[in-house]
Amino acid sequence: MLNVGNKVLQQLAGLLLERAGLKITLDGYHSLRLALSTRMPVLGLSDPEKYLQKLMSASGEEELRALLPLVTVGHTEFFRDAKQFRALEQSVLPELLSRARREMRKVSIWSAGCATGEEPYSLALVLAELGALAVEVDLWATDLNLAAVEAARQGRFSTRRAVAIGPERLQRFFRPVEDGYEASPILREYIRFDGQNLAAPVFEKVAPASLDLILCRNVIIYFDLPTIRGLMDRFLAALRPGGLLFLGYSESLFKVYDRFEMIEVDGAFVYRRPLGERPQPPPPLAPLATEPRSGSPESFAAELRQRLQASAEMAARLRGASVADAARTPDAPARRPTLELPALGALAGRRTGEFPAIRPEPTRTGEFPALRPEPTRTGEFPALRPEAPRPAEPSRRPAADRPSGSFAAVRAEPPASRPLAEAPPARPSGSWPQLLPPAERLNMAVRKMAQGDFPAAIDGVKRLLVDEPSDLDALLTLGNLYSLTGRIAEARDTFAQALQREPLCVEARVFGGVAAMQAGSMAEARSELAKALFLEPTLAIGHYLLAQVQERTKDFEAARRSYRNAVAQLKYPQRPLAGHYPEMLDSAESISRAARYALAALEEQPG
């Protein structure tokens, strides 16, 4: 790995904090070194100080954007996302191992975008605990960053990074070394590390229909739409029928790619290749003539905006707004959302790995009833009937007791009996249903906000976050509620939590800037909005809000420039923001009208 002194790393960390608001701790210096090892050879540089000078120059902004994803992708940890690893440990890996043994073959798993190796080592550890031998497992771990791959192959982790492993597992699978721990040779035998560019048009090292499981978490947020669709085509072709794909909790294929089925396994949402489907061969990737050039601010913004677009559009659709329709593009056909219900346990008559589609009927109170399958003949979908509500949800059956070949998962179609914009029937004060999908629960809180009942709205969103702590849309909405009610300190803390989960969350910067404006902290507002626009230069609403700040501080020339920028960026597709803020300009037409009106008024101002 490249030898970089701490002075250069400190200066680089300061630059990332100033431009992008990305805070790099001492523990993150390892990721900085890996990122520099990848980018410096591209520019033909070997001296880290000269590279830093390049970044700080007037022409260095583009290179800084190219460096940024490498720094953030390097952030990983053992057993990241507790829900997903619970599903892997309790259901997915035991079933895949059992199936592979019956078919007398290896379990084939791909950790795509493995960074420094925490994910594949976590998988290997769980497989070893399940009794799988290394010869029974083909666990392929890849990353574009070859320096990261080499670091992962060595299997050395600082004490701080190894904390999540736990003392018993550390003692069994690792040995203490200077400044940390090293994976045992037995654990390393499970994994083969390699370099792989996920944007390559063909995966030459992957045979069709050969993989049981792919994990590609927190990677596609940095890809543009054509790249994501091409990658999903190749993943679909690589998976066996019924094979599973795990994405990051902030990543969704809704309105992006519709050939996977979304299912729920032990509380985790997973994508599955449909059983019996013969996927079309993946087409080669051809850059579109209308796409921004690679490495440009527009290209970087396009890559970043995939992060939250799906969840934001779903929330906007449920709120009855027209934002989702405005943001829909011709190459992204509308698709009915899939809502998930709690697992029903084992269903009689299922073929191995199948999940029945279920259409629940709403009760008069607007709640979904609990469902119980009727006995059916082998291979039939079970009939369902409502069951009286129970005081507490029964505990799930352990994986060992589940019929072989089945996951505790249910795929459900949304009911069409009530318009989305219609308010649900009245329920007792303080009652927030637990069985509704998270987006609908957030929609209920937003309706409370629209009615001026801010305490009830805050209570509803807080309850949702207890059940769904990774719901970024809800967290951003909570921050906005605090901001609107004058609780600025709590708003700042909430947006900081969002940034801790998603360091490049543009919405947290935008709404943080709005909160600062409301508090009269114009310098803070300017700083937050500038960081948002560094991350997403084509975001028209960001330029408009920055112009508002500049106008309030009587910097009229800068305000004119920002209003013009807001109008100019509307030539690029604009996305709805995740998180709800009432009366926020949410369409190209409204932003253009407001910016032009403000600009015309400013033209009459001197200076």
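The notes below deal with the structure included here. (Residues numbered from 1 in each chain as written. Predicted model: local features only at pLDDT ≥ 70, side-chain atom pairs only at ≥ 80, totals over all residues. Heavy atoms only, no water.)

1. Focus: the overall build of the chain
Right, on to step 1. Across its full length, the chain carries 22 helices and 14 strands.
Right, on to step 2. Here the chain holds 607 residues, and the buried ones make up 54% of them.
Right, on to step 3. Nonlocal contacts in the chain, meaning residues at least 24 apart in sequence, comprise 73% of its contacts between residues at least 6 apart. (Helix = DSSP H or I, 4+ residues; strand = E, 2+ residues; numbered from the N terminus. Buried < 20%, exposed > 50% of the residue type's maximum accessible area, 1.4 Å probe, protein only. Contact = heavy atoms within 4.5 Å.)

2. Looking at the packing of helix α19 (residues 522–535) against helix α20 (residues 540–552)
Right, on to step 1. Viewed as axis vectors pointing N to C, α19 and α20 meet at an angle of 155 degrees, and their least axial separation amounts to 10 Å. By the angle class used here, α19 and α20 are roughly antiparallel. By crossing handedness, the relation of α19 to α20 is classed as left-handed. Along its contact with α19, which presents Met 522, Ala 525, Arg 526, Leu 529 and Leu 533, the element α20 presents Gly 542, His 543, Leu 545, Leu 546, Val 549, Gln 550 and Arg 552.
Right, on to step 2. Residues of the contact of α19 with α20, tallied by class, amount to 7 nonpolar, 3 polar and 2 charged. (Axes fitted to C-alpha atoms, helices over the stretch in contact; angles between N-to-C directions. Parallel < 35°, antiparallel > 145°, perpendicular 65-115°, else oblique. Left-handed = near helix turned anticlockwise from the far one by under 90°. Nonpolar A, V, L, I, M, F, W, Y, C, P; charged D, E, K, R; others polar.)

3. Here we look at the environment of Glu 507
Right, on to step 1. Within the element layout of this structure, Glu 507 appears in helix α18 (residues 506–519).
Right, on to step 2. It is 6.4 Å that separates the C-alpha atoms of Glu 507 and Leu 577, two residues lying 70 residues apart in sequence.
Right, on to step 3. A distance of 3.1 Å separates a polar atom in the side chain of Glu 507 from the backbone nitrogen of Ala 578. (Polar contact = N/O pair within 3.5 Å; in protein donor to acceptor, adjacent residues only side chain to side chain.)

4. Details of the pattern of salt bridges
Right, on to step 1. Applying the stated criterion across every chain yields a total of 29 salt bridges.
Right, on to step 2. A salt bridge links Glu 119 to Arg 217; its shortest N-O distance comes to 2.8 Å. Taken as a pair, Glu 119 in helix α6 (residues 118–129) and Arg 217 in the loop between β7 (211–216) and α10 (225–238) lie far apart in primary sequence, 98 residues in all. For the pair Glu 119 and Arg 217, one class covers both residues: buried.
Right, on to step 3. Measuring nitrogen to oxygen at the nearest pair gives 2.7 Å for the salt bridge that ties Asp 194 to Lys 205. Taken together, the residues Asp 194 in strand β6 (residues 191–195) and Lys 205 in the loop between β6 and β7 connect sequence positions 11 residues apart.
Right, on to step 4. Judged by relative accessible area, Asp 194 falls into the partly exposed class, the value being 22%.
Right, on to step 5. One connected set of salt bridges, linked through shared partners, spans Glu 103, Arg 105, Asp 212 and Arg 240. (Salt bridge = Lys/Arg side-chain N within 4 Å of Asp/Glu carboxyl O.)

5. Side note on helix α15 (residues 454–467)
Right, on to step 1. Here α15 is 14 residues long and its end C-alpha atoms lie 20 Å apart, about the 20 Å a rise of 1.5 Å per residue gives.
Right, on to step 2. Three or more residues of α15 are buried, namely Ala 456, Ala 457, Ile 458, Gly 460, Val 461, Leu 464 and Leu 465.
Right, on to step 3. The elements touched by buried residues of α15 are α14 (438–450) and α16 (472–484).
Right, on to step 4. Two to three positions downstream of the cap, the backbone nitrogen of Ala 456 sits 3.3 Å from a side-chain oxygen, assigning the N-cap of α15 to Asp 453. (Expected span 1.5 Å × (residues − 1).)

6. Here's the deal with the nonpolar core
Right, on to step 1. Formed by 83 residues in total, the largest nonpolar core has its most connected members in Leu 32, Leu 67, Leu 476 and Tyr 563.
Right, on to step 2. Here the element with the most residues in this core is α18; it accounts for 8 residues.
Right, on to step 3. In contact with Leu 476, not counting residues within four places along its chain, are Phe 495, Ala 498, Cys 505, Glu 507, Ala 508, Phe 511, Ala 578 and Gly 579.
Right, on to step 4. Formed by 46 residues, the second largest nonpolar core is a distinct cluster that contains Val 92, Val 107, Ile 109 and Ala 141. (Core = buried A, V, L, I, M, F, W, Y, C linked by side-chain atoms within 4.5 Å.)

7. Some words on the sheet that holds β7
Right, on to step 1. The 7 strands lie next to each other as β6-β2-β1-β7-β8-β10-β9, forming an open sheet whose pairing is mixed. The outermost strands of the open sheet, each flanked by one partner alone, are β6 and β9 (261–265). Neighbour to neighbour, the strand axes of the sheet diverge by 25 degrees on average, direction disregarded.
Right, on to step 2. Where strand β8 (residues 239–247) meets strand β10 (residues 268–272), 2 bridges bridge the pair, whose relative direction is antiparallel. Bridge pairing links Leu 244 to Arg 272 in β10.
Right, on to step 3. Against the sheet, helix α7 (residues 146–154) contacts β2 (137–143) and β6, and its axis sits at roughly 165 degrees relative to β6. (Pairing = 2+ DSSP bridges.)

8. Brief notes about the pairing of β9
Right, on to step 1. Burial analysis of β9 places 5 of its 5 residues in the buried class, the great majority of the element.
Right, on to step 2. Both faces of β9 are covered, namely the face carrying Glu 261, Ile 263 and Val 265 and the face carrying Met 262 and Glu 264.
Right, on to step 3. Relative to β10, β9 runs antiparallel, the two being bridged by 5 bridges. Bridging from a neighbouring strand, Val 265 pairs with Ala 268 of β10.
Right, on to step 4. In this antiparallel pair of consecutive strands, β9 and β10, the connection spans 2 residues, and Asp 266 shows a positive phi of 50 degrees.

9. Structural notes on the sheet that holds strand β4 (residues 174–177)
Right, on to step 1. Strand order in the open sheet made by the 3 strands is β3-β5-β4, with antiparallel pairing throughout. With partners counted over all chains shown, the strands left at the sheet margins are β3 (156–158) and β4, one partner each. Between one strand axis and the next, the sheet turns by 30 degrees as a mean value, whatever way the strands run.
Right, on to step 2. Sheet analysis places β3 next to strand β5 (residues 180–183), joined by 3 bridges and oriented antiparallel. Bridge pairing in β5 places Arg 156 opposite Glu 182.

10. Comments concerning the packing of aromatic side chains
The description of an aromatic ring pair uses the distance of the two centres, along with the angle that the planes make with each other.
Right, on to step 1. Within this structure, the stated rule accounts for 14 aromatic pairs.
Right, on to step 2. A centroid spacing of 5.8 Å and a plane angle of 45 degrees characterise the contact between Tyr 121 and Phe 193, whose relative ring orientation is tilted. On the criterion of sequence distance, the pair formed by Tyr 121 in helix α6 and Phe 193 in strand β6 is long-range, its members being 72 residues apart. No difference in accessibility class separates Tyr 121 from Phe 193, as the two residues are buried.
Right, on to step 3. Aromatic rings pair up to connect Phe 78, Tyr 121, Phe 157, Phe 174 and Phe 193 into one cluster.
Right, on to step 4. Against the face of Phe 534 rests Arg 65, its NZ or CZ located 4.7 Å from the ring centre. (Phe/Tyr/Trp six-rings, centres within 6.5 Å; stacked < 30°, edge-to-face > 60°. Lys NZ or Arg CZ within 6 Å of the ring centre and 35° of its normal.)

11. Comments concerning the side chain of Asp 471
Right, on to step 1. As for its position among the elements, Asp 471 is in the loop between α15 and α16.
Right, on to step 2. Engagement of the side chain of Asp 471 in a polar contact is seen with the backbone nitrogen of Asp 473, the distance being 3.2 Å.
Right, on to step 3. Side-chain polar atoms of Asp 471 contact the backbone nitrogen of Ala 474, separated by 3.1 Å.
Right, on to step 4. Residue contacts for Asp 471: discarding those within four places in its chain leaves Pro 438, Leu 464 and Leu 465.

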